Amino acid sequence: MVPKESARESADTPEPVEKGFATLSTLQVGVKAFVEKEGEKRKAEILAIQSKKGKLAFYVHYEEFNKRLDEWVPEGRIDLSKEVEWPAPEKPEKKKAAQTSKASNKSKADAALAQALRDKKNPKRAQQRQARLDRELSGTPDSQSINLPGKVSRASKAGGKENREIKQDKDSVTVISEVIDGTPKAEDEDMVDLMEMADAAAAAKAQAPHEPFSREEEIEKLRTGGSMTQNQTEISRVRNLSHIQMGKHEIEPWYFSPYPQEFSEVDMVYICESCLSYFGGLKQFTRHRAKCSLLHPPGNEIYRDEYVSFFEIDGRRQRTWCRNLCLLSKLFLDHKTLYYDVDPFLFYCMAIRDEHGCHLVGYFSKEKESVEGYNVACILTLPQYQRKGFGKLLIDFSYELSKREGKLGSPEKPLSDLGLLGYRAYWQETIVDLLMDGRTDANIEELGATTAMTTNDVLHTLQNLNMIKTSKNQHVIVLTDAVVAQWKKQKEKEKIKGKRTIDSDKLQWRPPVFTASSRTWNW
Amino acid sequence: MVTAQRFRQRKLSVKQSLPILRESDVDQSLDDDAARHIPRIETGVEKGEETEHHLQAVISAAQAGGTAAHIYIPTPEAVASSLQYEALYPRHFRQPATYIRFSSTVEDCVGSPYCMDEEDEAFLRELNAKKPQEEQCTEDQFEVVMSAFERVSEIRQPFASVDPNTPILSLDELEGGFDDTVDDASRPFAADIYPHWKDRRRDRENHSLMSSLKFERNADTDDGDPYVCFRRREVRQVRKTRGRDAQATERLFTFRRQYETSRYLCHLVVQFQRAKADQLAQDELIFRQRRALLEAKRSLGIKEGDMELLINQVKAPRPEAGVQRARVAGQQPSLPAAVRPMESDVIMYEDQKAKRADSIRTFVNEHKQRHQVWNEGYVDDTWRPITPPLESAALDDPEFVSLFNRILPTPPTSAEGSDS
Ligand SMILES: [Zn+2]
């Protein structure tokens, strides 16, 4: 899934880290520094640097905090009175590709310089190097592409491939980079000149750092970039949308989502509450609303009570809507992948109703056929509806479907932090409810069968609540005082507020059947 | 993780009924080793995230007794929007009594896909300023035309976004591709809007004016690009099984049989038409000869029966002919009893003899035919075949060669063959 990030790895493998004092100008992507957060100094990794009207801003990830709290901080919040950790140097065998190496500022500069000098002494070799690069670029043995108009200058192919500009307006540029020439700074000037001799690349890069990359350049960069993959992941580590407008709310996205690239330049992305289409401007959105006639999720209603409705939507039949839903939910689900298309999934969408229509509150997706027996792939309550009990209702519904299928189910892993808490709360309530019904013994497999939970999840819940103990060398289930107290509190709350559950009588649904041929032909 | 101590403990069985006790019923001194001896089940949260401060805070609060409901994971805020919800989302929804069933797609429900932005708005305002009130272009009409431009470009130049040298389509080309989504009221504005559209296309290097997602183009380069999404999955490998093979073979045989049948039918049609042509030729010949006869009669001064000679007489059915034909074919006479001559009541030796001979001949013929069928398509690959097929030509239609040739296993080479 998401490649392991170096920040995380360092916790497990205590490799010696290079520490030292930094100045604002030597700070670079990958550096871990102390950053002020709510009055406290927290260690944070710099993921991107942006310069705006002479001031630097840093996109930081706080260690031991969820990525959704990553943020842009002004230079003043970085504590330079404390030592910083420099990013780990690259393995020496990668030296050949000096420009792409992930070495520290200094060693990379050295390597680049050395290469430049070598090439200067041996122009023929430099030419060969160049030719080889070109060949790689064009994919044909005898490339004539270099001189073609419209083709990208070599500059951005080589020099710029480590860099990725994510925000561009007239006076700002963001660079996610670990190479020296990525952040044009005074002390790098000489270096750029030297590299220019060796490689036209760097020059053009330095001359036009503000030019937006065309798709061709992008492709070229991707094609040549040995470490582009890594760099690409860096991008997805930085949130790309700043705000979304949806229905009656404005929401701050939590994570990256692959909406159209130009959306990273707008302050607000407007999302239609009905069809989930996205717009970079208010006029466009208003026009869309004047035409959009959808009033509810585009599928069959399979459940309805006084409070909510559920709609079943087939990813293959409603590809646009489901893609829109996935893009939206990716803003709030870190581990969701949009790598593949939505065809093999069904989407169960929960909505509340009023005269305006059905408002999507949350959903879960489910594989049409899960080999691992998952009954949920992704699950999300939209942020504007969170902490209102909707999550539990969604989970309850997913198990209700499993019961109808006659299967045990479990959510796909990894769970998010919120996902884990939501499931734990649901599992605890469901199981303790059963154990409190007056029975004197219980069998884990049976508990699972009644609730459509896997034995593992039942066991996990009991274990996590410290409810499994041994008495007289025999395992027993103990209803601890804490668990009982919590159960009583819950019941009292339900007495006052009423209990929201899924009423299985109101579920009009039979498990959908897919033919062998639809399975073969990608659903 | 799993210590040796675990073996001291009885394993926890998920199938076994466990007594449920209250905390007060359990010996407090008893260690809760049990829990420790059950292998820890993973939380399902990624390792790196398990240690996050907020998650840990909530988890420990929950384990301490769950009294800390106020502890939660902080998330960025959702705030009320300043937009006019009522204006954007009118009250159009009436809930039907029965559950909603719906299959229209987003595309079906959003009208013309192009939505104008502020720049378009400015252009349209300028355009309309030059026009009299009754000839103004509405926003809807503007979008209809823009959508059509975009759609035609997409169809005609699917690779415009990859090849920057793709020329922007001309107005004529665009209008040529208009379909019925462009109503007659909108059509006249195409010429007004075209320069604006062209400028905007040029600014975007002839890319689509509508923000689009990045889909896969090239497997290698797209792989690490986080913006590339919704890739197609590789078609699943069909599992090869004996049953599947047999099914496929059976289906192929069926196709082949059906194909052969229709080919044979075509052949028969051809034969039929040829026979008809022959017949016509014969008729013509007959006619000419009769004419010649007529000429001859005339020259000889014979007058009567002229017309009869030139017109084909409709012959009255002659039962005798049937008898004769039947006799010729050596079959039993099948005459209606009323017209049967008296002699036929007497059993004639000749007849009996003929009948017998006939049944023998039929028997032989039948068997011959059966052999024919068995040998059909048989290709003898043996060197110097023992029995050369003789009679085939007589029975087979020489013009129709069946393609149903199945190569049968060749018998082992004979001693003679191996000698040479
Ligand atoms: Zn819409």
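Residues numbered from 1 in each chain as written. Chains lettered and ligands numbered in written order. Predicted model: local features only at pLDDT ≥ 70, side-chain atom pairs only at ≥ 80, totals over all residues. Heavy atoms only, no water.

## Some details on the sheet that holds strand 21 (residues 441–443) of chain A
- Taking strand neighbours across the sheet as the criterion, the four strands line up as 21(A)-1(B)-23(A)-22(A) in an open arrangement whose pairing is mixed. Of all strands in the sheet, those bounded by a partner on one side alone are strand 21 and strand 22 (468–471) of chain A. Strand-to-strand twist of the sheet, defined as the mean angle between neighbouring strand axes without regard to direction, takes the value 45°. (Pairing = 2+ DSSP bridges. Helix = DSSP H or I, 4+ residues; strand = E, 2+ residues; numbered from the N terminus. Axes fitted to C-alpha atoms, helices over the stretch in contact; angles between N-to-C directions.)

## Overview of the pairing of strand 15 (residues 308–314) of chain A
Residues and elements named next belong to chain A.
- Along strand 15, seven of the seven residues are buried, which leaves the element largely enclosed by surrounding structure.
- Of the two faces of strand 15, both are covered, the one formed by V308, F310, E312 and D314 as well as the one formed by S309, F311 and I313.
- Both strand 14 (residues 300–304) and strand 15 contribute to a ladder of four bridges, which runs antiparallel. Looking at the pairing, Y303 lines up with F310 of strand 15.
- Connecting strand 14 to the next strand, strand 15, in antiparallel fashion are three residues.
- Note that strand 15 and strand 16 (residues 345–354) share seven bridges and pair antiparallel. Opposite D314, over in strand 16, you have L346 as the bridge partner. (Buried < 20%, exposed > 50% of the residue type's maximum accessible area, 1.4 Å probe, protein only.)

## A short note on unusual backbone geometry
Residue and element names in this part refer to chain A.
- A cis amide bond links K413 with the next residue in sequence, P414, at an omega value of 0°.
- Take P414: it is sitting in the loop between strand 20 (410–411) and helix 12 (417–435).
- For N466, which is not a glycine, the phi torsion comes out positive at approximately 60°.
- On the basis of relative accessible area, N466 is assigned to the partly exposed category, the value being 38%.

## Quick look at the coordination of the zinc ion
All names here are of chain A.
- Protein ligation of the zinc ion involves C272 (SG), C275 (SG), H288 (NE2) and C292 (SG), the donor distances falling in the range 2.0 to 2.4 Å.
- Around the zinc ion sit four donor atoms, and with donor-metal-donor angles ranging over 95 to 116° the site reads as tetrahedral.
- On the primary sequence, the residues serving as donors to the zinc ion are separated as C-x2-C-x12-H-x3-C. Remark: C292 occurs in the loop between helix 9 (282–291) and strand 14 and C275 occurs in the loop between strand 12 (269–271) and strand 13 (278–279); sequence separation between them is 17 residues. Neither C275 nor C292 differs from the other in exposure class; each is buried. (Donors = N, O, S within 2.8 Å, 3.2 Å for Na, K, Ca; no water. Tetrahedral: all angles 85-135°; square planar, octahedral: opposite > 155°, others 65-115°.)

## Digging into a positive patch on the surface
- A contiguous patch of positive charge, built from A:K489, A:K493, A:K497 and A:R500, is present on the exposed surface.
- Within the fold, A:K489 resides in helix 15 (residues 481–497). (Patch = residues over 30% accessible without salt bridge, like charges linked within 9 Å, V, L, I, M, F, W, Y side chains within 5 Å. Areas by Shrake-Rupley, 256 points an atom, 1.4 Å probe, with all protein chains shown as cover. Salt bridge = Lys/Arg side-chain N within 4 Å of Asp/Glu carboxyl O. Lys, Arg positive; Asp, Glu negative; His and termini not counted. Charge placed at Lys NZ, Arg CZ, Asp CG, Glu CD.)

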